[in-house]
Amino acid sequence: MVENIFFYVGLAFILVHEMDAIRCREWRIFPGLSLLNDDLGFKIFAWAHLPIFFILFWGLSQQNIDGLVVGLDIFFIVHVALHLLFLLHKNNEFKDWLSWALILGAGFFGSLDLFFK
C-alpha cells in the first residue's frame, strides 16, 4: 500500500471542498469576514488561501512529513465538526450532497489515515 494514500485522498477532498467553498460563499459564515460585502469577503478569502496552500505544499515536499500529515488528518476531522457546528448558520450554503460528500470525505479519509498509522 502506498504510504499516506488515505491522507492524500483526504487532501484531494479538502482541496475540492475549498473550490466548493467559493461557490457557497463560505466567508459569509466566518466571524469578521461575514461583516464584509461579498466582493471584499471573496477577495480576502481567496487571497488567504494562497499562503495556506503554499505552506501546505512546501511542507509536504520536505523529507519528514509525518507530523504535518497527522496534524492535517486531525484538521480534516475537526473541519467536519466545524461544519456541523455552523450547519444552522443563516448564511451557510453547504446544503447539497456534493458539499457534504467533500466535507465528510476529507474527514473520513483523515480518520482512516490516523487509524492505519
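Higher on the page you've got the structure.
Residues numbered from 1 in each chain as written. Predicted model: local features only at pLDDT ≥ 70, side-chain atom pairs only at ≥ 80, totals over all residues. Heavy atoms only, no water.

### Some thoughts on the overall build of the chain
The number of helices and strands found in the chain is four helices and zero strands. Its helices and strands in sequence order give the chain the pattern α-α-α-α, from N to C terminus. Oriented by its inertia axes, the alpha-carbon framework of the chain measures out at about 45 × 25 × 20 Å. For the chain, the proportion of its 117 residues judged to be buried stands at 37%. Residue pairs at least 24 apart in sequence account for 71% of intrachain contacts in the chain once pairs closer than 6 positions are excluded. Accessible surface, the chain as shown: approximately 7300 Å² in total, 74% of it carbon and sulfur. The average position of the 7 basic charges and that of the 11 acidic charges among the side chains of the chain differ by 11 Å. (Helix = DSSP H or I, 4+ residues; strand = E, 2+ residues; numbered from the N terminus. Buried < 20%, exposed > 50% of the residue type's maximum accessible area, 1.4 Å probe, protein only. Contact = heavy atoms within 4.5 Å. Areas by Shrake-Rupley, 256 points an atom, 1.4 Å probe, with all protein chains shown as cover. Lys, Arg positive; Asp, Glu negative; His and termini not counted. Charge placed at Lys NZ, Arg CZ, Asp CG, Glu CD.)

### A look at a nonpolar patch on the surface
A contiguous nonpolar patch, built from Ile74, Val78, Leu82 and Leu85 and spanning about 360 Å² of accessible area, is present on the exposed surface. By the element assignment, leucine 85 lies in helix H3 (residues 66–85). (Patch = residues over 30% accessible without salt bridge, like charges linked within 9 Å, V, L, I, M, F, W, Y side chains within 5 Å. Salt bridge = Lys/Arg side-chain N within 4 Å of Asp/Glu carboxyl O.)

### Things to note about the packing of helix H2 (residues 38–60) against H3
To describe two helices that pack against each other, one gives the angle between their axes and the distance between the axes. Between H2 and H3, the shortest axis-to-axis distance is 9 Å and the interhelical angle comes to 135°. Of the possible angle classes, the one that applies to H2 and H3 is oblique. Helix-helix and strand crossings are classified by hand; for H2 and H3 the assignment is left-handed. Contacts from Leu56, Gly59 and Leu60 in H2 reach Leu68, Val69 and Leu72 in H3. In the contact of H2 with H3, the residues fall into five nonpolar, one polar and no charged. (Axes fitted to C-alpha atoms, helices over the stretch in contact; angles between N-to-C directions. Parallel < 35°, antiparallel > 145°, perpendicular 65-115°, else oblique. Left-handed = near helix turned anticlockwise from the far one by under 90°. Nonpolar A, V, L, I, M, F, W, Y, C, P; charged D, E, K, R; others polar.)

### Structural notes on the pattern of salt bridges
All told, the structure shown has eight salt bridges when counted by the stated rule. One salt bridge connects arginine 23 with aspartate 20, and the closest N-O pair in it is separated by 2.7 Å. Residue arginine 23 and its partner aspartate 20 are both found in helix H1 (residues 5–23); the two are separated by three residues, about one turn of the helix. The partly exposed category is assigned to arginine 23, whose relative accessible area is 46%. What makes aspartate 20 buried here is its relative accessible area of 5%.

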